[in-house]
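What follows is each chain in one-letter form.
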Amino acid sequence: MKVLTFKTIEEIGAAAGKMFVDVVKANDKAVLGLATGATPVPTYDYMAQACRKGEVSFKNVTTFNLDEYCDLPKEHKNSYYTFMFENLFSKIDVDPANVNFLNGNAPDAQAESDRYAEAIEAAGGIDIQFLGIGRNGHIAFNEPADKFTNNAFKVHLTQSTIEANSIYFDDIPMPHYAMTMGIGSIMRAKKIVLVATGKAKAEAVRTMLSGDIDPHCPASILQAHPDCTVILDEDAASLL
Ligand code: GLP
C-alpha cells in the first residue's frame, strides 16, 4: 500500500480527486466506485471543480455507490442517494442513468445483491474505488466480523457505527440495517483510494496498515490489494 500524508483537507481532496480525474481522462467510460460520509466531500469538490473548468467530463462514466441504508426512503435527506446528488452528481455532467445504488428497500436482499454484482460485472468492473474508514476499521458497511464477505449483503450495523452516524439524523432514528457492497466487490476494483482524516480514525488506520489481515479490522484486507493508495492527514497518521 502506498501511504501519503498531507497537512490540509484541501491538499487531500486535490490528491484523491486528481486520481479520479486522471482515470476518467485516460478512459472517458471509466467505472467509478463512490463513497459517502464527510471524508469524500473535498475529493468530490475537486472533481466538480475540474469538471466546471472543462478539464474533464464525466458524461460517459458509470458509478456504483458502496452502500445505502435500509428502511429509509431514497429521497430522505440522509439517504446516500440524496448525499451523492447534493455533493457530487448535481455538480458534474454525469448522466443520472449511469449512476447505480444498492436499493436498501429491496424486498429480497439476496436478489438485490445478485443484481448489483451482475451490474458491476456488466459495466466491466470498477476502475477506481473511493473508500473512507469507520472508527472500528469498517469499509463501506462491512463491520468487524469473523470472516470477510464477498458480494453485497444486508448488514446489521454495530453500535460504534450507529453512534458515529446518528449525529446526521435529527428527524427520525437512524436505521440499524444497511445494504453494502462486500469486501470481495471492493477488492475486485482495479485501483483503490482510501482517505482518512482526524484523530478519531488514527487507531483504525494503524490497525489497517500495521496489524494482521483480520476480518475484525475489515480495512486490513487492503494490504492484499495490488494498487491501493491511502491518503491521510497528520491526525489520522499520528499513531503510525
Ligand atoms: C459510513 C459509510 C462509510 C464511511 C464511514 C466513515 O459508515 N458507510 O463508507 O467510510 O461512514 O464516514 P466519515 O467519512 O463521515 O467519517
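This text follows the structure it describes.
Rules used in this analysis
- Residues numbered from 1 in each chain as written.
- Predicted model: local features only at pLDDT ≥ 70, side-chain atom pairs only at ≥ 80, totals over all residues.
- Heavy atoms only, no water.
- Helix = DSSP H or I, 4+ residues; strand = E, 2+ residues; numbered from the N terminus.
- Rg over C-alpha atoms; globule rule 2.2 N^0.38 Å.
- Buried < 20%, exposed > 50% of the residue type's maximum accessible area, 1.4 Å probe, protein only.
- Contact = heavy atoms within 4.5 Å.
- Patch = residues over 30% accessible without salt bridge, like charges linked within 9 Å, V, L, I, M, F, W, Y side chains within 5 Å.
- Areas by Shrake-Rupley, 256 points an atom, 1.4 Å probe, with all protein chains shown as cover.
- Salt bridge = Lys/Arg side-chain N within 4 Å of Asp/Glu carboxyl O.
- Lys, Arg positive; Asp, Glu negative; His and termini not counted.
- Charge placed at Lys NZ, Arg CZ, Asp CG, Glu CD.
- Pairing = 2+ DSSP bridges.
- Axes fitted to C-alpha atoms, helices over the stretch in contact; angles between N-to-C directions.
- Near = heavy atom within 4 Å.
- Polar contact = N/O pair within 3.5 Å; in protein donor to acceptor, adjacent residues only side chain to side chain.

Peer 1: I would appreciate a short explanation of the overall build of the chain in the present structure.
Peer 2: Secondary structure summary: the chain contains seven helices and ten strands in total. By the compact-globule yardstick of 18 Å for 240 residues, the chain fits well, its C-alpha radius of gyration being 17 Å. Taking the principal axes of its C-alpha atoms as reference, the chain extends roughly 45 × 45 × 35 Å. The buried share among the 240 residues of the chain stands at 52%. Of the contacts formed within the chain by residues at least 6 apart in sequence, a portion of 78% connects residues at least 24 apart.

Peer 1: Explain a negative patch on the surface here, please?
Peer 2: Where like charges cluster on the molecular surface, the negative patch consists of D108, D114, E118 and E121. Mapped onto the elements of the fold, D114 is located in helix 4 (residues 109-122).

Peer 1: Please explain the sheet that holds strand 4 (residues 67-69) as it appears in this structure.
Peer 2: Spatially, 4-8-7 is the arrangement adopted by the three strands of the open sheet, whose pairing is antiparallel. Among the strands making up the open sheet, the edge pair consists of strand 4 and strand 7 (153-156). With strand direction ignored, the average angle separating the axes of adjacent strands in the sheet is 25°.

Peer 1: Help me out: how do you make sense of the side chain of N100 in this one?
Peer 2: Counting through the fold element by element, N100 comes out in strand 5 (residues 99-100). The exposure class of N100 is buried, given its relative accessible area of 17%. Filtering out sequence-adjacent residues up to four positions away, N100 remains in contact with T62, T63, F64, N65 and Y116.

Peer 1: Please explain the site of the ligand as it appears in this structure.
Peer 2: Around the ligand lies a shell of 14 residues, among which A38, T39, D67, H138 and K201 are the nearest. I133 is positioned with one of its backbone polar atoms (N or O) 3.5 Å from an oxygen atom of the ligand. In this structure, N165 approaches the ligand through a side-chain N or O atom, which is 3.3 Å from an oxygen atom. Here the ligand has 390 Å² of accessible area as a free molecule, and 92% of this is covered by the chains.

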